[in-house]
Amino acid sequence: MLKRIHHVAIIVSDYPKSRAFYVDKLGFEVVRENYRPARRDYKLDLRLGDAELEIFGIPQSPERPSYPEARGLRHLAFQVDDVDLAVEWLKARGIECEKVRLDEFTGKRMTFFKDPDGLPLEIHE
């Protein structure tokens, strides 16, 4: 019955900063952007390939309790053809990455970087 993952949703602390990060730096396409007056928050629907990312800009949302081992979303991973090229692309946008390493299970190269709220993001060959 299940076909694929439709979207992943995250809550951010600084909506304009996170919007700029995901759209301007990482290149996500804006599908919809709405301010919800009753909730005083923003909901931004983004697309990357055939997957969507929902960004919720919720004022005074609590911080992540630990990094990265809190329950819930551990990290969001993006597939790339070449990790080294992706690292250079991110660096050109002012985004620092951890040291590139091998995934012990897949044998593929990978590394992590963070969004403006410290959410762990992965690039994986």
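Quick note: structure is the one above.
Counting of residues starts from 1 at the beginning of each chain's written sequence and follows it residue by residue. Local features in this predicted model are restricted to residues of pLDDT 70 or higher, and side-chain atom pairs are both shown and tallied only at a pLDDT of 80 or more, whereas totals for entire chains, interfaces and linings draw on every residue. Computation of side-chain values covers all heavy atoms of the structure but excludes hydrogens and water.

1. Describing the pattern of salt bridges
By salt bridge we mean one thing: a side-chain nitrogen of Lys or Arg within 4 Å of a carboxyl oxygen of Asp or Glu. Tallied over the entire structure, the rule returns eleven salt bridges. The shortest N-O distance in the salt bridge between Arg-36 and Asp-41 comes to 2.7 Å.

2. Comments concerning the sheet that holds strand 4 (residues 51–57)
Taken together, four strands build an open sheet; the order of strands is 1-4-3-2 and the sheet is mixed. Each end of this open sheet is capped by a strand with a single partner; those strands are strand 1 (7–12) and strand 2 (29–36). Taking the axes of each pair of neighbouring strands and ignoring which way they run, one obtains an average angle of 15° across the sheet. Relative to strand 3 (residues 41–48), strand 2 is paired through seven bridges, and the arrangement is antiparallel. Of the residues in strand 3, the one forming a bridge with Arg-32 is Asp-45. Helix-sheet contacts for helix 1 (residues 15–25) involve strand 1, strand 2, strand 3 and strand 4, and the interaxial angle to strand 3 is about 5°. Two strands are said to pair when DSSP picks up at least two bridges between them. A run of H or I in DSSP counts as a helix once it spans at least four residues, and a run of E counts as a strand once it spans at least two, with each numbered from the N terminus. For helices, the fitted axis covers only the stretch in contact; all axes are lines through C-alpha atoms, and the angles between them, taken along N-to-C directions, range from 0 to 180 degrees. Only heavy atoms enter the contact rule, under which two residues are in contact if any of them lie within 4.5 Å.

3. Let's talk about unusual backbone geometry
A positive phi is found at Arg-40, a non-glycine position, where the angle reads about 55°. Here Arg-40 lies in the loop between strand 2 and strand 3. For Gln-60, which is not glycine, the phi dihedral falls at a positive 55°. Assignment of secondary structure puts Gln-60 in the loop between strand 4 and strand 5 (76–79). On the basis of relative accessible area, Gln-60 is assigned to the exposed category, the value being 79%. For each residue, the accessible area found with a 1.4 Å probe, counting protein chains only, is set against the maximum for its type, and the residue is called buried under 20%, exposed over 50%, and partly exposed in between.

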